[in-house]
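# What the coordinates show
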Amino acid sequence: MPLSRIAVGMPGEASHPEALRAALAEFISMLIFVFAGQAHAFALIVAVSVGANISGGHVNPAVTFGALVGGHITLLRGILYWIAQLLGSVAACLLLKFATGGMETAAFSLSEGVSSSHAVVFEIVMTFGLVYTVYATAIDPKKGNLGTIAPITIGLIVGANILVGGAFEGASMNPAVSFGPAVVSWTWTNHWVYWLGPFIGAALAAIVYDTIFIGENNHEQLPTTADY
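Just so we're clear, the structure is a prediction, and the values are computed from it rather than from any experiment. (Residues numbered from 1 in each chain as written. Predicted model: local features only at pLDDT ≥ 70, side-chain atom pairs only at ≥ 80, totals over all residues. Heavy atoms only, no water.)

## Observations concerning the UniProt feature "transmembrane region" (unreviewed entry) in the protein chain
Mapped onto this structure's residue numbering, the UniProt feature "transmembrane region" (unreviewed entry) falls at residues 27-48, 79-99, 119-139, 146-168 and 192-212. For the annotated span residues 119-139, helix accounts for 100% and strand for 0% of the residues, and the straight-line distance between the end C-alpha atoms is 28 Å. Taken end to end, residues 192-212 comprises 95% helix and 0% strand; its first and last C-alpha atoms sit 30 Å apart. (UniProt positions renumbered as here; feature names shortened; annotations may be inferred. Helix = DSSP H or I, 4+ residues; strand = E, 2+ residues; numbered from the N terminus.)

## A look at the side chain of Thr137
Positionally, Thr137 belongs in helix H5 (residues 116-139). Among the polar contacts made by the side chain of Thr137, one reaches the main-chain carbonyl oxygen of Thr133 at a distance of 2.8 Å. For Thr137, the side chain forms a polar contact with the side chain of Thr153, separated by 3.5 Å. Residues in contact with Thr137, not counting those within four places in the same chain, are Lys143, Leu146, Gly147, Ala150, Thr153 and Ile154. (Polar contact = N/O pair within 3.5 Å; in protein donor to acceptor, adjacent residues only side chain to side chain. Contact = heavy atoms within 4.5 Å.)

## Examining the packing of helix H7 (residues 175-185) against helix H8 (residues 193-214)
When two helices pack together, you describe them by how their axes are tilted relative to each other and by the distance separating the axes. The interhelical angle for the contact between H7 and H8, taken along N-to-C directions, is 170°, at an axis separation of 9 Å. Between H7 and H8, the crossing angle belongs to the class labelled roughly antiparallel. In this structure, H7 contributes Pro175, Ser178 and Phe179 to the contact, and H8 contributes Tyr194, Trp195, Pro198 and Phe199. Residue composition of the contact of H7 with H8, grouped by class: six nonpolar, one polar and no charged. (Axes fitted to C-alpha atoms, helices over the stretch in contact; angles between N-to-C directions. Parallel < 35°, antiparallel > 145°, perpendicular 65-115°, else oblique. Nonpolar A, V, L, I, M, F, W, Y, C, P; charged D, E, K, R; others polar.)

## What to know about a nonpolar patch on the surface
A cluster of nonpolar side chains, namely Leu24, Ile28, Ile32, Val46 and Val50, defines an oily patch on the protein surface of about 390 Å² accessible area. At the level of elements, helix H1 (17-35) and helix H2 (40-52) are the ones that each hand at least two residues to the nonpolar patch. Per-element tally for the nonpolar patch: the top contributor is H1, with three residues. Assignment of secondary structure puts Ile32 in helix H1. You can call Ile32 partly exposed: its relative accessible area is 31%. (Patch = residues over 30% accessible without salt bridge, like charges linked within 9 Å, V, L, I, M, F, W, Y side chains within 5 Å. Areas by Shrake-Rupley, 256 points an atom, 1.4 Å probe, with all protein chains shown as cover. Salt bridge = Lys/Arg side-chain N within 4 Å of Asp/Glu carboxyl O. Buried < 20%, exposed > 50% of the residue type's maximum accessible area, 1.4 Å probe, protein only.)

## Some thoughts on unusual backbone geometry
Positive phi values are uncommon outside glycine, yet Val59 reaches one of about 50°. Summarising the element assignment, Val59 is placed in the loop between H2 and helix H3 (61-69). For Val59, a relative accessible area of 0% corresponds to the buried category.

## Comments concerning the environment of Glu112
Tracing the sequence through the fold places Glu112 in the loop between helix H4 (75-99) and H5. Residues Glu112 and Ile214, 102 residues apart in the sequence, show an inter-C-alpha distance of 41 Å.

## What to know about the environment of Leu86
Among the secondary structure elements, Leu86 is positioned in helix H4. Leu86 sits in the buried class, given a relative accessible area of 18%. On a C-alpha basis, the gap between Leu86 and Val69 in space is 20 Å, while along the polypeptide they are 17 residues apart. Ignoring sequence-local partners within four residues, the contact set of Leu86 consists of Ala176, Phe179 and Trp195.

## A look at the nonpolar core
The biggest cluster of nonpolar side chains holds 49 residues, and the ones touching the most others in it are Met30, Phe33, Leu44, Val59, Leu130, Tyr135 and Ile154. For this core, the elements supplying multiple residues, two or more each, are H1, H2, H3, H4, H5, helix H6 (150-169), H7 and H8. Those residues in contact with Ile154, other than ones at most four positions away along the chain, are Leu44, Val48, Leu130, Thr133, Val134 and Thr137. (Core = buried A, V, L, I, M, F, W, Y, C linked by side-chain atoms within 4.5 Å.)

In structure tokens, the structure reads:
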């Protein structure tokens, strides 16, 4: 069961140079992604690609959470990633505000007639598809050459989800992407939707894929004490 594989991490991991470099990579990737967010799918392909060899190219707290649930990242490293991702999003929104002469990046919001419960379901289903794709193309030890196109497939599933859910509730699938605009514009209405839905969807995708398609025998081990 994937939940039994959640690992806190080794002492000193949070300050290890390699972990800090990975967190910095997540910060930069998120900044690139949010700043170029109008070309959402294309920006994500680039952001995942530039961080893939350093941090795994999560660029999304929900993806990090999904990896944590499946035992593919430690809690300590996950927290570093979350901090970097959130700061990267805020920094990108502040840069956009400065570069545009004061225009604010609009916070995610629900369309008229869409309830918060409906929006949560949208976010759960869309994030499930995203994290399931991440598992299949980037995390699965059996992925082989499929890993080379992981950033493209991840960008495409996000782009497709935006076409479906964008008109209803913004189709975030990414708490950090929602967090930056909310901070800069100080708009928090229904903001919880964009955390709860993605985290539930990510956890479900991790449990389903890791349990059925990876399994205990094929599961890659996390770093040991000797690596830190």
